[in-house]
Amino acid sequence: MAHRDRQGRPLVAVTGLGVVTSLGQGREDNWTALTAGRSGIHAINRFPTEALRTTIAGTVDFVAAEPFCAPMLSERLAMLAAEEAVGEAGAGRTGDFPGALFIAVPPVELEWPQRQALAEASGQNDGVTYRDLLGAAATGRFKPWHDLFLFGTVADRIADRFGTKGSPISLSTACSSGATAIQLGVEAIRRGETDAALCIGTDGSVHAEALIRFSLLSALSTHNDPPEAAAKPFAKNRDGFVMGEGAAALVIENAEAARARGAAILGYVLGCGERGDGFHRTRSSPDGAPIVAAIRGAIEDAGLTPDDIDYVNAHGTGTPENDKMESMGCMAVIGERMKSVPISSNKSMIGHTLTAAGAVEAVMSLLTIRSGRIPPTINYHVPDPAIPLDVVPNEARDADVGIVLSNSFGFGGQNTCLVIGAEPK
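Summary of the structure given here. Please read these numbers as outputs of a predicted model, since none were measured by experiment. (Residues numbered from 1 in each chain as written. Predicted model: local features only at pLDDT ≥ 70, side-chain atom pairs only at ≥ 80, totals over all residues. Heavy atoms only, no water.)

Another aspect to go through is unusual backbone geometry. A cis amide bond links D225 to the next residue, P226, at an omega of -5 degrees. Relative to the helices and strands, P226 resides in the loop between α8 (208-216) and β8 (246-254). Notably, N379 is not glycine yet its phi reads approximately 65 degrees, a positive angle. Within the secondary structure, N379 is located in the loop between β12 (373-374) and β13 (397-398). N379 sits in the buried class, given a relative accessible area of 12%. (Helix = DSSP H or I, 4+ residues; strand = E, 2+ residues; numbered from the N terminus. Buried < 20%, exposed > 50% of the residue type's maximum accessible area, 1.4 Å probe, protein only.)

See below:
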C-alpha cells in the first residue's frame, strides 16, 4: 500500500465520519434516508412565517440548543457530528485529539431576540441607542449572550471538548466553507504540520432574518406546498434553493500514521482545488472561468485526469444560474463524457446547509464510494435541455464508484472542489 500520492506528498486518509441533517442524526439514518429519496424539508415551526414568501426549510428540529440561536445550534450540531467521527476514528484518547481543528461556522451577529434582550438589559425599551447597547454589553448586563456572538466561540468550545492541538481555526468562505475546512486540514497534513485533523462544517442558522435576506435576493424557492417538492436542482422548473441545517465532521490523517496505529481507512481526500471569483457579490463570472479552474485544479491536485471521475456530487442548489454555471463548468473540464457521468444533488433532499454543505457532501461522497450506491436528485421531473446531464433522477442508482468530484460554489465567487476516492492505484 502506498503512503504517498503521485506528487510524493503524504496520502490523506479519512478514518472517521459524522453527520447530522434534517434527515436524522448519524451516518446510518442519513444514508438510509438519502438513498431512499426521502426529503427532510418541511414547514417551519420554529418561528412565525405568515408574512414570509418562503415558509419551508430543512431545519434540524430534533436537536435542542439552549439558549436557542444560530451559534448555539451550530455548536450543538458540530458536537454531535464530531462525537460520531472521532469515536469511529479512535484517534487519541477522550478529550485528547492528536491534531488540529478546522471548523467552518456561519457568520454571527445578534439576532432579534437577543437584540431585544440587550435592549431590555440596557434599561430602555424605547429610543435605545447603539451606545446604550454597547454599555449593557460592556458592563456585563448582557453576559449570558455576549460570548455566543463572537466568531471564534464555537471553535473554542469544540477544541476544549475534544482536546485538539494548537489554535483552532474558524473560517467562513460562504457556501464553500465546509469544503474549505477539509482543504485546510489536507494541506496541513501534506506540509507535515500535523498527522491528523478534525475538519467540521456546521450551520444552524435558519431564522427569519436569514430567510428574508435570501428572499430579497430572489434566491429561495417559494414552492411551499408540498415542501418536499421545493428543491429541484437541474430541473427546468427550478426556482431557487431551500435553506437547510446540519453538520458534518471528518477525521483525516496521514495515511501512513493511520495504518501504523491500525485504523480502518474509509477513503482518501486525493485533491483540492479552489479559485476566487470576485465578479459579483452573488453571481458567478459569466464565462465560468473560476468554476472551471477550481474543478480542474482539484483533479490535477489529485494527480488524475477528467476521465478518472466516476461521479459528481453536485453543488446543485436549484437556483437557475448556479445549476447552469455548474453544468457549464463540468462540461468544460470533463467534456462530452460529462453527459454520461452521473451527477446528483444531496440538496434536493436536505436543502442547502450553507456553511456545512461542503463537509456534508464530502461525507455523502465517501458513503457513495463505500456502498456503491449513488443518491438521487429528487423532484427531477422536467428536464432542462440546456443542462444535458445524467442527474440520477428521483431514484438511487447502484454503480461502481471509485473517484468522486465534490463541488462547492459560494456567494462572492468562493469556489472549492474536492476529489475523494477509494484506495489510490
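Time to look at the packing of helix α7 (residues 177-190) against helix α13 (residues 357-371). Packing of α7 against α13 leaves a shortest axis separation of 4 Å and a crossing angle of 70 degrees. Relative to α13, the element α7 lies roughly perpendicular. Residues G178, A179 and I182 of α7 form the contact with α13, whose own contacting residues are G358, A359 and A362. Counted by class, the contact of α7 with α13 contains four nonpolar, two polar and no charged residues. (Axes fitted to C-alpha atoms, helices over the stretch in contact; angles between N-to-C directions. Parallel < 35°, antiparallel > 145°, perpendicular 65-115°, else oblique. Contact = heavy atoms within 4.5 Å. Nonpolar A, V, L, I, M, F, W, Y, C, P; charged D, E, K, R; others polar.)

Three or four residues apart is the spacing at which side chains of an α-helix point the same way, because the helix has 3.6 residues per turn. With 14 residues, α7 should cover 20 Å at 1.5 Å per step; its first-to-last C-alpha distance of 20 Å lies within 8% of that length. Those residues of α7 lying buried are S177, G178, A179, T180, A181, I182, Q183, G185, V186, A188, I189 and R190. Looking one or two residues past α7, G192 carries a phi angle of roughly 80 degrees, positive in sign. (Expected span 1.5 Å × (residues − 1).)

Another aspect to go through is the pattern of salt bridges. In this structure the tally under the stated criterion is 20 salt bridges. Of the charged contacts in the structure, one is a salt bridge between D301 and R190, with a shortest N-O distance of 2.8 Å. Residue D301 is found in helix α10 (residues 289-301), and its partner R190 is found in helix α7; the two are separated by 111 residues along the sequence. A single burial state applies to D301 and to R190, both of which are buried. Of the charged contacts, one joins R238 and D384 as a salt bridge, the two residues approaching to 2.9 Å between their closest N and O atoms. Of this pair, R238 sits in the loop between α8 and β8 while D384 sits in the loop between β12 and β13; the two residues are 146 residues apart in sequence, bridging distant segments of the chain. Neither residue differs from the other here; R238 and D384 are each classed as buried. (Salt bridge = Lys/Arg side-chain N within 4 Å of Asp/Glu carboxyl O.)

Before going further, it helps to spend a moment on the packing of aromatic side chains. All told, the structure shown has one aromatic pair when counted by the stated rule. Ring geometry for F214 versus F241: centroids 5.2 Å apart, planes at 75 degrees, classification edge-to-face. Placement of F214 in helix α8 and of F241 in the loop between α8 and β8 is noted, with a sequence separation of 27 residues between them. The exposure class assigned to F214 is buried, which follows from its relative accessible area of 17%. F241 gets classed as buried once you look at its relative accessible area, which sits at 4%. Here the basic side chain of R161 rests over the ring of F162, its NZ or CZ set 4.7 Å away from the ring centre. (Phe/Tyr/Trp six-rings, centres within 6.5 Å; stacked < 30°, edge-to-face > 60°. Lys NZ or Arg CZ within 6 Å of the ring centre and 35° of its normal.)

Attention shifts here to the environment of M243. In this structure, M243 sits in the loop between α8 and β8. Residue M243 is classed as buried on the basis of its relative accessible area of 1%. C-alpha separation for the pair M243 and T353, spaced 110 residues apart in sequence, amounts to 6.3 Å. Discounting residues that sit within four places of it in the chain, M243 has contacts with A57, G58, S205, V206, A210, L211, F214, L220, H352 and L354.

Without other data, these values stay purely geometric and don't point to any function.
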